[in-house]
Amino acid sequence: MHDIRAIRENPAAFDAALSRRGDAPLSAELLAMDEARRAKIGAAEAAQAEANKAAKEVGAAKGRGDEAEFERLRALVSEKKAEISALNDEAKAQDAALTERLAVIPNLPADDVPMGADENDNEEISTWGTPREFDFKPVEHFEIAGVKPSMDFETAAKISGSRFVLMSGAVARVHRALAQFMLDIHTLENGLTEVNPPVLVRDDAMYGTDKLPKFAEDSYQTTEGMWLISTSEIPLTYIAANHVIDESYLPRRYTAHSLCFRSEAGSAGRDTSGMLRQHQFEKVEMVSVTHPNESDAEQKRMLRCAEDLLERLEIPYRTVLLCTGDMGFGARRTFDIEAWLPGQNAYREISSVSTTGEFQARRMNARFKPADGGKPQFVHTLNGSGLAVGRCLIAVLENGQQEDGSVTLPKALHGYMGGKTTINADGSLS
RNA sequence: GGACAGGUGGCCGAGUGGUCGAAGGCGCACGCCUGGAAAGUGUGUAGGCGGGAGACCGUCUCCAGGGUUCGAAUCCCUGUCUGUCCGCCA
């Protein structure tokens, strides 16, 4: 959500930032709405002030025994009442219209975000590791002999349809190990607070984290009207909603391992084989709530937390800074981490680390009281995957695959596998 | 699903028609006290919106929306959320 006062102060900067994102200028439209709104508010308040004054004098007139004046003022007050109520209704309508309009305008990119149209314009900022040299042709995760017995798409389709997977045995175990590993690093080493949040949320939480009203079709909704979260960013961030916290409580850092649900409307035909893109998947999420001055440093910190996991899992990756055209609706700056998938011979997104600035905080009214005693200000909120568990599983399997169809698991996971180090070609663990 | 009880400031909590933006406490800020701190003590401390260069002014807000009344935190209606008990289920 944008601050209309900021737009009022510098409409050119607002439009320029929108245009960097490839969007048409909007300030003229917004300012016209704002002006109409303020005029109505002014009129309503002036009428109210007049009525309030007269109402006060009613009592005084009565006290003096001035019946004529008393009656005159009473009549004046009740006459004003209708006028005020009409003006108030109009002012409210104008205000609601402006808010509704603002709610569907994306966040503005930070100045250091490169301009571009799509993912081809993203800026690679670092790489880690060297893709392994295979002396055979590496296959995709679902084609690995040792994986096949415990990664079952047919049965999942029977149960739930396309874009679901039924994991069992060795693969289910590695998947679980990965989530545990990530949570342990975040809580024991990175200082994040573990949270186990609800995955069904209300409208307010969706709206506050900018998933509504614009992207309703991307999420699943229950018959009771609740939403299945598309990411635990939603409940974790919404913890801060409607609060004014002391500055000393910042930053707040959370992590959660949760199920995530996405309808994947609009991605028909994309990534249809394997478990890269599913309606239901698991993700370990990181969310930080910070002082506005700290959010940029916090984003780098989060990025390192995510990258570190891949390094420990020995998975080559590259980190890119998304260009203006590739960023999500609520983001001000986003780094994507892309893991190397030998089976696809490509880097694929495994984490996305974004700062929203005060964009979400304004929507959900999340503020902090400055230590110097000033007015409450909006916090900054950040979110990042650390990491997408299913995709991480794919990376581990593809990078560890052997010519005989077995998979060598990274050392970091051995402790989470009861000492097992390998998925054998027959699907067993040893 | 049934029956009750509630929703007040950053937090807790008093307040059943006017003198209430709201007692008291906690927290926080500043001062006093102290060698320093703690304790103690004094003072201050809600937010949104609109106007103004600013001091400041206006307006709204005691869950939300309606209603009663000259006047509503307080009474009535509806909605919503929370809690408790019963039932059902895990």
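Residues numbered from 1 in each chain as written. Chains lettered and ligands numbered in written order. Predicted model: local features only at pLDDT ≥ 70, side-chain atom pairs only at ≥ 80, totals over all residues. Heavy atoms only, no water.

**Q** Could you clarify how one ought to interpret the protein's contact with RNA strand B in this entry?
**A** The environment of RNA strand B is formed by 16 residues, the closest being Arg-37, Arg-38, Glu-45, Gln-48 and Arg-202. At the protein interface, 91% of the atoms of RNA strand B within 4 Å belong to sugar or phosphate. One of the side-chain nitrogen or oxygen atoms of Arg-8 is found 3.3 Å away from a phosphate oxygen of RNA strand B. Measuring from a phosphate oxygen of RNA strand B, one finds a side-chain N or O atom of Arg-38 at 2.4 Å. Elements with a contribution of two residues or more to the surface near RNA strand B: α1 (4–9), α3 (27–64) and β14 (366–369). (Near = heavy atom within 4 Å. Polar contact = N/O pair within 3.5 Å; in protein donor to acceptor, adjacent residues only side chain to side chain. Helix = DSSP H or I, 4+ residues; strand = E, 2+ residues; numbered from the N terminus.)

**Q** Would you mind going over the sheet that holds strand β12 (residues 333–341) with me for this structure?
**A** On the basis of which strands lie adjacent, the open sheet formed by eight strands has the order β1-β11-β12-β13-β16-β10-β9-β4 and mixed pairing. Whereas interior strands pair on both sides, the edge strands pair on one side only; in this sheet they are β1 (123–128) and β4 (193–195). When the angles between neighbouring strand axes are averaged without regard to direction, this sheet yields 25 degrees. As paired elements, strand β13 (residues 346–355) and strand β16 (residues 380–388) share three bridges and run antiparallel to each other. Paired with Ser-354 across the strands is Asn-383, a residue of β16. Against the sheet, helix α9 (residues 295–312) touches β1, β9 (252–261), β10 (280–290), β11 (317–321), β12, β13 and β16, its axis set at about 5 degrees to β16. (Pairing = 2+ DSSP bridges. Axes fitted to C-alpha atoms, helices over the stretch in contact; angles between N-to-C directions. Contact = heavy atoms within 4.5 Å.)

**Q** Would you mind going over the pairing of β11 with me for this structure?
**A** The side chains of a regular strand alternate, residue by residue, between the two faces of the sheet. Within β11, four of the five residues are buried, which leaves it mostly tucked inside the rest of the structure. Pairing of β1 with β11 involves five bridges; the strand directions are antiparallel. Opposite Glu-124, over in β11, you have Val-320 as the bridge partner. In terms of strand pairing, β11 meets β12 through five bridges, oriented antiparallel. Along β12, the bridge assignment pairs Thr-319 with Ile-337. (Buried < 20%, exposed > 50% of the residue type's maximum accessible area, 1.4 Å probe, protein only.)

**Q** When you look at the nonpolar core in this model, what are you seeing that I'm missing?
**A** Burial of nonpolar side chains together is a common tendency in soluble globular proteins. Ranked by size, the top nonpolar core spans 49 residues in total, and within it Leu-178, Met-182 and Leu-413 carry the most contacts. When residues of this core are traced back to their parent elements, those giving at least two are α6 (169–189), β10, α9, β11, β12, β13, β16 and α11 (389–400). In terms of residue count, α6 provides more of this core than any other element does, ten residues in total. With residues near it in sequence (within four places) discarded, Leu-413 still touches Val-174, Ala-177, Leu-178, Phe-181, Leu-313 and Val-396. (Core = buried A, V, L, I, M, F, W, Y, C linked by side-chain atoms within 4.5 Å.)

**Q** Looking at this model, I keep getting lost on the side chain of Asp-34. Mind explaining?
**A** Residue position: Asp-34 is located in helix α3. By relative accessible area, which is 0% here, Asp-34 ends up buried. Ignoring anything within four residues of it in the chain, the contact list for Asp-34 reads Ile-4, Arg-8 and Leu-98.

**Q** Explanation requested: the confidence of the model for chain A in the structure shown.
**A** Parts of the prediction with low pLDDT should not have their coordinates interpreted in detail. Per-residue confidence for chain A gives a mean pLDDT of 92, with 97% of residues at or over 70. ipTM for the predicted complex: 0.85, alongside a pTM of 0.93. (pLDDT = per-residue confidence, 0-100.)

**Q** How should I be thinking about the sheet that holds strand β7 (residues 227–228) in this particular structure?
**A** One key point about sheets: their strands pair by backbone hydrogen bonds, in either a parallel or an antiparallel sense. Spatial ordering of the open sheet is given by β5-β7-β6, a layout of three strands whose pairing is antiparallel. Edge positions in the sheet fall to β5 (200–201) and β6 (220–221), since each has one partner strand and no second.

**Q** Would you explain the pattern of salt bridges in this entry?
**A** Should the charged atoms of two oppositely charged side chains come close, the side chains can pair. For the coordinates displayed, the defined rule picks out 24 salt bridges. The partner of Glu-124 in a salt bridge is Arg-318, and the shortest N-O contact between them spans 2.9 Å. Of this pair, Glu-124 sits in strand β1 while Arg-318 is found in strand β11, placing the two residues 194 residues apart along the sequence. Connected through salt bridges with shared partners, the residues Arg-8, Asp-34, Arg-37, Arg-38 and Asp-95 form a single ionic network. (Salt bridge = Lys/Arg side-chain N within 4 Å of Asp/Glu carboxyl O.)

**Q** What should I look at first to understand the packing of aromatic side chains in this one?
**A** Within a pair of aromatic rings, the relevant descriptors are the distance that separates the centres and the angle that separates the planes. Across all of its chains, the model carries six aromatic pairs by this definition. Ring plane angle 90 degrees and centroid distance 5.3 Å describe the contact between Phe-134 and Phe-136, whose orientation is recorded as edge-to-face. Across this residue pair, the class does not change: Phe-134 and Phe-136 are buried. Summarising the aromatic geometry, the rings of Trp-340 and Tyr-347 are spaced 5.0 Å apart at their centres and angled 65 degrees between planes, so their arrangement reads as edge-to-face. On the accessibility criterion, Trp-340 (12% relative accessible area) is buried. In this structure Tyr-347 comes out as partly exposed when scored by relative accessible area, which is 24%. (Phe/Tyr/Trp six-rings, centres within 6.5 Å; stacked < 30°, edge-to-face > 60°.)

**Q** How do you make sense of the packing of α6 against α9 when you look at a structure like this?
**A** Angle between the axes and distance between the axes: these two values describe a pair of packed helices. Relative to each other, α6 and α9 sit at 130 degrees, their axes nearing to 11 Å. When the axes of α6 and α9 are compared, the pair comes out oblique. When the axes of α6 and α9 are compared, the crossing they make is right-handed. Contacts between α6 and α9 involve Phe-181, Met-182, Ile-185, His-186 and Glu-189 on the former and, on the latter, Cys-305, Asp-308, Leu-309 and Arg-312. (Parallel < 35°, antiparallel > 145°, perpendicular 65-115°, else oblique. Left-handed = near helix turned anticlockwise from the far one by under 90°.)

**Q** Would you mind showing me how to read the packing of α6 against α11 here?
**A** Direction vectors running N to C along α6 and α11 enclose 115 degrees, while the axes themselves pass 9 Å from each other. The handedness of the crossing between α6 and α11 comes out as right-handed. Residues Val-171, Val-174, His-175, Leu-178, Ala-179 and Met-182 of α6 touch α11, and the partners they reach there are Val-389, Gly-390, Cys-392, Leu-393 and Val-396.

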